[in-house]
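Residues per chain are reported as follows:
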Amino acid sequence: MHLFSYLWLLTSIWSCLAAAPSRTITRRGNSSFVSSSKDGFSVNGSSLRFVGTNLYWLPTLESNNDIWNALKDVSDTGIKVIRIWAFNDVETIPESGTWFQLVQNGTTTINDGPTGLQKLDTVVQMAEQQGLYVIMSLTNNWNPAPNASVTLPRNTLSNDYGGMDLYVRQFGLQDHDDFYTNDMILTAFQNYTKEIVLRYLNSPAVFSWELANDARCNSTLPTSATCTTQTVTKWHALMAAFIASIDPNHIVSSGTSGFQCTDCPKLYPITPTASPTPSPENGKKRSRVAPLTKEQIIRQRAESRRQNRAAAKRTGTLKEDGFMIRGRWVSTATREVSGSISPTMDGSSGVDSQDILNIPDIGFGSFQVFPDQNSYGPNDPSLDPVQNKISSSLAWIQQSAQSAAVVGKPVVLSAFGLVTQSNLNDFVPFNMTYAPYASSTAAMEVTAVAIDATATTNFANNAQQEQGYTSFMQMGLSAGLAGTVVNQGIPQSSAGIQLDKINSTTPVAGWAATEDLPNDGYSIANNTAITRILEQGAQAMAENS
């Protein structure tokens, strides 16, 4: 499994990690509210490192008992933090089910009733009773218009809760990035944000206000030619300052996927001086480093490929793909030598997470790991497709940790997941509304996606998923991440839990009519192996707090 290459990544981290003084004013001491500093998170006088899970759908569960059972199952695993959608925008009021805000024809109406924010109240109150903290995400980059042929129950998918594109559509605009710059939309979003923030102003169960999930210039709506990394950074600075002005208790986080831009102009440049801080391993110090550069990334990838190739030779799994002279291999396939460092690092998404993290009112940063949807670097010919995904993800975790350490603020892996072959029939990419690999897709005349739906070996089997999740957790612990949050679901459910009874019960696109909880291709529900991995990870994080 090329474990040598993964171990090499783990042991090489300390050569490039450092911390700089934080620009954020932090609240420490015995407060019951979570605070952040260059040393990580603190609550009730103690440091906090955690394992969490994404439960975007939690407020839409059918009953309060379902919410309670879900939270108890999470708590029993040792998980300390849940991440949920604190928004549920609709364009027309549904006949049934949960919704928080109507956005229609340039106006907004908040639902404060039992099918609205009272459901969110229940989640926050019960989370506090279970000893859990809640990352409250305020909007989503992704909200594609539904395909007419697909009628999944509303709120099944994480991108079916409204979000940026819904605002743009309902305010009569066209470009996705109008959400960041249009005064009417900014006012509407700030009004909703104020309603939510003040509602839970005094709740210690709120871990942080996450400004948006995966904010970027591009989405399913067009992007204007003027959207740059500075557009997205300015929006984060505006919203972070707005929340900080009305809530002195809670920290604000970014929620980005962690995309970087080493060469982009910075609105919040890194202070050139840096001082070492204690590493997660007691008694050790991190060395001083400069910010991540394109040249460093290219060198790291070259060294990783060399290590992978050497490990493959030793195990006899190297695929010799050059040509032979007199029975000896004298050349291998041409390696990629381009100076390009992939869309996750070149600013093409309009995101510079390091610049966002250095905004004074941002308390901690985030990044995500979804190698089935994002490429974190060129493939290594020595590895098979799944091993490439795991290896590049580990390098991505390493780079993200280094980027945050230079700023001197905590960083959280806010979502990670591998699509498995057993979940492939249910997999819906974040910018789509249907499962492109489902057996019923062709019959529904849904346009085929660019990737080959028959190449199931490009996706992890169960053992590879376990290997990947174990590696991600270990890398996060060693790299000094303040938290790691799996996507998505309840690791081990002890009771039947159901979403609101909404829409059709007809089976569609791979979902069974009797399925209790949504599976978007990343569900870990009742997966005992993943449960054990999360339990072990939570224990390791607690021991290294």
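Quick caveat, the model's predicted, so the values are computed rather than measured. (Residues numbered from 1 in each chain as written. Predicted model: local features only at pLDDT ≥ 70, side-chain atom pairs only at ≥ 80, totals over all residues. Heavy atoms only, no water.)

Asker: Break down the overall build of the protein for me, with residues and values.
Answerer: Tallying secondary structure elements over the protein gives 12 helices and 16 strands in all. Relative to its 545 residues, the protein shows a buried fraction of 59%. Looking at the protein alone, contacts between residues at least 24 apart form 80% of all its contacts between residues at least 6 apart. Total accessible area on the protein is roughly 21,300 Å²; 51% of this is exposed by carbon and sulfur atoms. (Helix = DSSP H or I, 4+ residues; strand = E, 2+ residues; numbered from the N terminus. Buried < 20%, exposed > 50% of the residue type's maximum accessible area, 1.4 Å probe, protein only. Contact = heavy atoms within 4.5 Å. Areas by Shrake-Rupley, 256 points an atom, 1.4 Å probe, with all protein chains shown as cover.)

Asker: Describe helix α2 (residues 64–76), with residues and values.
Answerer: The α-helix winds at 3.6 residues per turn, so residues separated by three or four positions along the chain end up facing the same way. Taking 1.5 Å per residue as the helical rise, α2 with its 13 residues ought to reach 18 Å, and the 18 Å between its terminal C-alpha atoms agrees with that figure. Those residues of α2 not exposed but buried are Asp66, Ile67, Ala70, Leu71, Asp73 and Val74. Within α2, the buried residues cover an arc of 160 degrees as seen down the axis, which keeps them to one side. For α2, the exposed residues set more than 90 degrees away from the buried face come down to Asn65 and Asp76. Close packing links the buried residues of α2 with β4 (50–54), β5 (81–85) and α3 (117–129). (Expected span 1.5 Å × (residues − 1). Arc of directions from axis to C-beta.)

Asker: Which residues make up the packing of aromatic side chains, and what are the values?
Answerer: The description of two aromatic rings rests on the distance between their centres and on the angle between their planes. The tally for this structure, following the rule as stated, stands at 28 aromatic pairs. When the centroid spacing of 5.0 Å and the interplanar angle of 20 degrees are considered together, the rings of Tyr376 and Trp396 count as stacked. You can see Tyr376 sitting in the loop between β14 (365–369) and α10 (385–407) and its partner Trp396 sitting in helix α10, a full 20 residues away along the chain. For the pair Tyr376 and Trp396, one class covers both residues: buried. Every member of this aromatic cluster is reached through a ring pair, and the members are Phe370, Phe427, Phe430, Tyr437, Phe459 and Tyr522. Seen from the ring of Phe459, Lys389 lies directly overhead, with NZ or CZ sitting 4.4 Å from the centre. (Phe/Tyr/Trp six-rings, centres within 6.5 Å; stacked < 30°, edge-to-face > 60°. Lys NZ or Arg CZ within 6 Å of the ring centre and 35° of its normal.)

Asker: Just give me the short version of the nonpolar core, but keep the residues and values in it.
Answerer: Judged by nonpolar contacts, the single largest core of 112 residues is most densely connected at Trp57, Leu58 and Met136. In terms of residues, this core owes the most to one element, α10, which gives eight residues. When neighbours within four sequence positions are excluded, Trp57 is seen to be in contact with Asn155, Tyr161, Gln488, Gly489, Ile490, Leu499, Leu517 and Pro518. Counting residues in hydrophobic clusters, the runner-up holds 14 residues, among them Phe41, Tyr133, Val412 and Val485. (Core = buried A, V, L, I, M, F, W, Y, C linked by side-chain atoms within 4.5 Å.)

Asker: So what about the packing of helix α11 (residues 462–479) against helix α12 (residues 528–543)? Which residues, and what values?
Answerer: Running from N to C, α11 and α12 point in directions that differ by 10 degrees, and their axes come no closer than 10 Å. Between α11 and α12, the angle falls in the class roughly parallel. Facing α11, whose interface residues are Gln465, Glu466, Tyr469, Thr470, Met473 and Leu477, α12 presents Ala529, Ile530, Ile533, Leu534, Gly537, Ala540 and Met541. (Axes fitted to C-alpha atoms, helices over the stretch in contact; angles between N-to-C directions. Parallel < 35°, antiparallel > 145°, perpendicular 65-115°, else oblique.)

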